[in-house]
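Fold and geometry: a report
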Amino acid sequence: MTDTDALLATTRLTIDLGAIAGNWRALDALAHGAETGAAVKANAYGLGAAKVVPALAAAGCKTFFAALPGEAIEVRKATKTGRLFVLAGLGPATADAYLKHGLIPVLNSLGEIETWQQVATKAGRPLPCALHFDTGMSRLGIEAGEAKRIFTEPGLLDGIDPVLIMSHLACADMPSHRLNGEQKRRFDTIRMMFPEVAASLANSAGVLADAGMACDLTRPGIALYGGQALSSGMGPIAPAVTFEARILQIRNTKKGETVGYGATKTLERDSRIAVAGAGYADGYFRAASGSGVAMRQVCTGAKGAIGGHVLPILGRISMDLTTFDVTDVPEQVLEAAEWIELIGHTIALEDYANAAGTIGYEVLTRIGPRAERVYLGG
Ligand SMILES: *Cc1c(COP(=O)(O)O)cnc(C)c1O
């Protein structure tokens, strides 16, 4: 985005790199001596790997997880020395990119192991990799039957160098869920087969909920970015993101008038309305509308804020615009205001996400490219 684009942008995403670094340190302090890595997939959860990765590296992070090889290549530009794991696994066409950029594949099946062995044979040296075992998520990962074969036929790993074994928790955000203990037990069994290899199990919620999950290396993502990993609360994690929409117009409207598409909101009093320049094309979800969408049968709409004053959304969020009720905002506050906070210190990421029927992860990764990105600290 050029400077002119930034001037003209009607949404602004402010990313506090100091808070992200602080969150990494807070998670590291909870990890009981395990190494603390960072999940930076999806362009660091939409916040910009080019800025976030150096900030994390400066805080002490040495190991990063991307989802796709293309993402990891971008992360490599931001850290020459970091260890970069690629979660999505290995297709034959991607092997060259792994070698060229020093990426470590997370292998998810015997087939992928075989492919990596062929690459290693060609390269003439044992190549590093992670082995991902499925312990109860039925998503990616070497499944139990394949794992048994690896234990009984160690030759299956000839020529490659597993530097990490890992698994992923399905229910870490709900610490009392029985699957957590079950997955830990299964993973411990696998660890015994690889006593020399570092082990990784915990995402953000795993670290925050249970120090016993930390193993040798943790892989937090959402908590770094100020998201709420545990359903029970934020713990030591600080918000790191502010998302705002520019006020384009303030209008005075009469009781009985309707607002927005579908005329779903009828004003119950003479009202002051702020029209803000954010809509679903900016990743401000239509499902978070104040009225007139199906979601409203289960919860109220999202809120905005000006100077700590909370503002209901009126009617439907449209592609580029959202209308807020600013009737109760004091005159001087409103006059000075240029922006409405959509997410930030007044409107918690998780509260907005709930109002849209989703989670903070989806909110962050969907904030649109039209938003000006502003970085604090770092
Ligand atoms: C995304 C991801 C993480 C990070 O999860 P958070 O819940 O964001 O902390 C860790 N491990 C794997 C395999 C992932 O896909």
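Further up the page is the structure itself.
The structure reproduced in this document is the subject of the present report. (Residues numbered from 1 in each chain as written. Predicted model: local features only at pLDDT ≥ 70, side-chain atom pairs only at ≥ 80, totals over all residues. Heavy atoms only, no water.)

Here's the deal with the site of the ligand
Around the ligand lies a shell of 14 residues, among which Lys41, Tyr45, Ser204, Ile222 and Tyr361 are the nearest. For the ligand, an oxygen atom lies 2.6 Å from a polar atom in the side chain of lysine 41. Arginine 219 is positioned with one of its side-chain polar atoms (N or O) 2.9 Å from a nitrogen atom of the ligand. In the complex, 93% of the free accessible area of the ligand, which totals 390 Å², lies under the protein chains. Its residues assigned to classes, the shell around the ligand shows seven nonpolar, four polar and three charged. (Near = heavy atom within 4 Å. Polar contact = N/O pair within 3.5 Å; in protein donor to acceptor, adjacent residues only side chain to side chain. Areas by Shrake-Rupley, 256 points an atom, 1.4 Å probe, with all protein chains shown as cover. Nonpolar A, V, L, I, M, F, W, Y, C, P; charged D, E, K, R; others polar.)

Details of the environment of alanine 6
You can see alanine 6 is positioned in helix α1 (residues 3-8). Separated by 183 residues in the primary sequence, alanine 6 and threonine 189 place their C-alpha atoms 53 Å from one another. (Helix = DSSP H or I, 4+ residues; strand = E, 2+ residues; numbered from the N terminus.)

Section: the pattern of salt bridges
Applying the stated criterion across every chain yields a total of 16 salt bridges. A salt bridge links aspartate 320 to arginine 370; the shortest N-O distance between them is 3.1 Å. Of this pair, aspartate 320 sits in the loop between β16 (309-314) and β17 (322-325) while arginine 370 sits in the loop between α13 (360-366) and β19 (372-376); the two residues are 50 residues apart in sequence, bridging distant segments of the chain. A relative accessible area of 35% means that aspartate 320 is categorised as partly exposed. One salt-bridge network, held together by shared partners, links Glu182, Arg185 and Arg186. (Salt bridge = Lys/Arg side-chain N within 4 Å of Asp/Glu carboxyl O. Buried < 20%, exposed > 50% of the residue type's maximum accessible area, 1.4 Å probe, protein only.)

Comments concerning the state of the cysteines
Under the counting rule described, the total for this entry stands at zero disulfides. You can see cysteine 171 has no disulfide; the closest cysteine sulfur is in cysteine 215, sitting 17 Å from it. (Disulfide = S-S within 2.5 Å.)

Structural notes on the side chain of serine 291
On the secondary structure map, serine 291 appears in the loop between β14 (271-276) and β15 (303-306). Looking at serine 291, the relative accessible area reads 14%, which means it is buried. When sequence neighbours within four positions are dropped, the list of residues in contact with serine 291 reads Thr264, Lys265, Arg296, Gly315 and Arg316. (Contact = heavy atoms within 4.5 Å.)

Some details on helix α4 (residues 49-59)
The set of residues buried in α4 consists of Ala49, Val52, Val53, Ala55, Leu56 and Ala59. In a view along the axis of α4, the buried residues occupy a sector of 165°, so they form one face of it. What points out from α4, more than 90 degrees from its buried face, is the exposed set Ala50 and Ala58. Against α2 (17-30), β3 (38-39), α3 (41-45), β4 (63-66) and α5 (69-78) lie the buried residues of α4. Positive phi appears at glycine 60, one or two residues downstream of α4, with a value of about 125°. (Arc of directions from axis to C-beta.)

Any functional reading would require information that these geometric values do not contain.
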